[in-house]
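Descriptive analysis of the structure
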Amino acid sequence: MKDKVIEVNHLSKNFGENEVLKDIHFEVYSGEVVCIIGSSGSGKSTLLRCINLLETATTGEILYRGTDINTPGFSTTQYRTKLGMVFQQFNLFKNKTVLGNCTLGPIKVLKKSKEEARKTALKYLDVVGMADYIEAKPAQLSGGQQQRVAIARALCMEPDAILFDEPTSALDPETIGEVLKVMKELAKSGLTMLIVTHEMEFARDVSSRVVFMDNGIIAEENTPENIFTNPNNPRTREFLKRTLDK
Amino acid sequence: MSSEPSFFQISYNIFLQYWPMFLKGTIVTLILAIAGTLTGTVIGLLIGVVRTIPTHPHDSTFKKILLKILNIILTIYIEVFRGTPMIVQSMVIFYGVPILFGIKLGVFQAAYFIVSINTGAYMSEIVRGGILSIDKGQFEASSSIGMSHFQTMVNVVMPQVIRNILPATGNEFVINIKDTSVLNVIGVSELFFASKSIAGNNFKYFEVYLITSIIYLICTYSVTQLLRFAERRIEGRDSYTIHGSTTLTDSKFEIRPGRS
């Protein structure tokens, strides 16, 4: 049995009257690549943001390697360094160069030396194919390049898992490929990944497990083969029919 | 028989005769404006950071109450100093502080304090606006790599805010060069005070104050140009080098965007 990295129990989230997540139970094991699919507004991104504490869950508990993150004395800062996050809008630090984006966390949070941080940054920038651009500012890069730097920034913290929140949704069709390629490489390398995506083909190819969310609940959860060829839930069937027909 | 000296000759002679006084006044004005603007900006940055500290539902009640009280105090400070004229504040502070606190303020100390605290009130609102204008994603990205609010502010947000508020800061600086003139009411020997003394000597009010205006204009214009220059410097290089190889940095070529 592999280690459980994240476990979510009875999680719900309300925005005012609006119940976005309803009693979610969900787990991610070490080395898994889990893709969360579903139509817009089904709560996929909110779930991800609750896990990374960018949103505070209304009720329920989140366990990191078996410890409730609300346990007194549990450092949420430390917890966040263990979970990388890649955003839809990249969110690179606009005032920093590519290298600066990748070394800031390691230097300030992990207290690495500048030299060490630089070495790590170059290693991961090389992985995403952006090592040639260390001097560039985010505004000088294309969306795909920015997103690859954002992935390198997350990798530089050497996290336990990386959460991807629709990493290709803000990209044009041409650059989506370059980002997905990097993510495929990472998946192969054994990194634990939790990906919210609309790229069905990608989800089918790389996931160890696919989660289908609908209206704030997990409607179905299965291997990609089962979900894409033989879905149990009629809602899943309907969703896939709509998205794959496009 | 010599004709009446022309207007320009009179002005020129006044300037030749009194230039050391004009110069002294100008120096005091500039020092007060620079020191006051800088201190005010620092006050504004600090208050801006405090006023945007986020509260989480998990935070202790103590922290929440403390922040609430701090916020109320800061709001009162800002409203009072933005809502009253600096000339009145000068009188109240200069004559009030010795009575209320038993501290004897020197004229220059009082002047520096008044300009700083006044600028601080305006700057803190400018800074707050600057912080609010920063994309929420910048904060989220910072906290997702585990940075604290303070670290985020210092390393990510403030550098962007300072760049954004630089024009407004320059504006405050220019305003301060002019507005320090009201400090003559407490007897600060700045440029207006010096002009008043000179004009009181020779009764050539028009000529003296025309020279004074020109000096103010030269000061404000130079400052504006200097700030433009600073803004361009802060923008940084708009070209970057692609290193063909990260180990052999000599194999590189440069990319330049179209704009100059």
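A brief look at the structure comes next.

Parameters and conventions
Residues numbered from 1 in each chain as written. Chains lettered and ligands numbered in written order. Predicted model: local features only at pLDDT ≥ 70, side-chain atom pairs only at ≥ 80, totals over all residues. Heavy atoms only, no water. Pairing = 2+ DSSP bridges. Helix = DSSP H or I, 4+ residues; strand = E, 2+ residues; numbered from the N terminus. Axes fitted to C-alpha atoms, helices over the stretch in contact; angles between N-to-C directions. Parallel < 35°, antiparallel > 145°, perpendicular 65-115°, else oblique. Left-handed = near helix turned anticlockwise from the far one by under 90°. Contact = heavy atoms within 4.5 Å. Nonpolar A, V, L, I, M, F, W, Y, C, P; charged D, E, K, R; others polar. Core = buried A, V, L, I, M, F, W, Y, C linked by side-chain atoms within 4.5 Å. Buried < 20%, exposed > 50% of the residue type's maximum accessible area, 1.4 Å probe, protein only. Buried area = accessible area lost by both parts, 1.4 Å probe. Salt bridge = Lys/Arg side-chain N within 4 Å of Asp/Glu carboxyl O. Polar contact = N/O pair within 3.5 Å; in protein donor to acceptor, adjacent residues only side chain to side chain.

1. Description of the pairing of strand 2 (residues 18-29) of chain A
Residue and element names in this part refer to chain A. Judged from the 8 bridges that link them, strand 1 (residues 4-15) and strand 2 form a sheet pairing that is antiparallel. Paired with Val 8 across the bridge in strand 2 is Phe 26. A loop of 2 residues connects strand 1 with strand 2, the two strands running antiparallel in sequence, and Gly 16 in this loop sits at a positive phi of about 65 degrees.

2. Digging into the packing of helix 7 (residues 191-202) of chain B against helix 8 (residues 205-235) of chain B
Residues and elements named next belong to chain B. Put simply, helix 7 and helix 8 touch, their axes get as near as 9 Å, and they point 160 degrees apart. Taken together, the axis directions place helix 7 and helix 8 in an arrangement best described as roughly antiparallel. As helix 7 runs across helix 8, the sense of the crossing is right-handed. On helix 8, the residues touching Leu 191, Phe 192, Ser 195, Lys 196, Ile 198, Ala 199, Gly 200 and Asn 202 of helix 7 are Tyr 205, Val 208, Tyr 209, Thr 212, Ile 215 and Tyr 216. Grouping the amino acids of the contact of helix 7 with helix 8 by side-chain chemistry returns 9 nonpolar, 4 polar and 1 charged.

3. Let's talk about the nonpolar core
Membership of the largest hydrophobic core comes to 50 residues, with the highest contact counts inside it found for Leu 125, Ile 151, Phe 164, Met 183 and Met 193 of chain A. Once residues within four sequence positions are removed from consideration, Ile 151 of chain A is found in contact with Val 86, Val 128, Phe 164, Val 179, Val 182, Met 183 and Leu 186 of chain A.

4. Details of the sheet that holds strand 4 (residues 59-64) of chain A
Each strand in a sheet pairs with its neighbour through backbone hydrogen bonds, running either in the same direction (parallel) or in the opposite one (antiparallel). Residue and element names in this part refer to chain A. The 4 strands lie next to each other as 2-1-4-5, forming an open sheet whose pairing is antiparallel. Each having just a single partner strand, strand 2 and strand 5 (67-68) make up the two edges of the open sheet. Here 2 bridges tie strand 4 to strand 5, and the two strands are oriented antiparallel to one another. When the sheet's bridge partners are listed, Leu 63 is paired in strand 5 with Asp 68.

5. A look at the interface of chain A and chain B
With 33 residues of chain A in contact, the opposing surface of chain B contributes 28 residues. For the chain A and chain B pair, buried surface summed over both sides reaches about 2600 Å², with 54% attributable to carbon and sulfur atoms. Sorting the residues of chain A by area buried against chain B places Phe 93, Asp 132 and Glu 135 of chain A first, and these three jointly supply 21% of that buried surface. The interface formed by chain A and chain B holds 1 salt bridge in total. In this structure, the salt-bridge partner of Arg 49 of chain A is Glu 140 of chain B, at a minimum N-O distance of 2.5 Å. Taken together, chain A and chain B are joined by 7 residue pairs in polar contact (both at pLDDT 80 or more). For the side of chain A that touches chain B, the secondary structure elements donating two or more residues are helix 2 (76-82), strand 6 (83-86) and helix 3 (98-108) of chain A.

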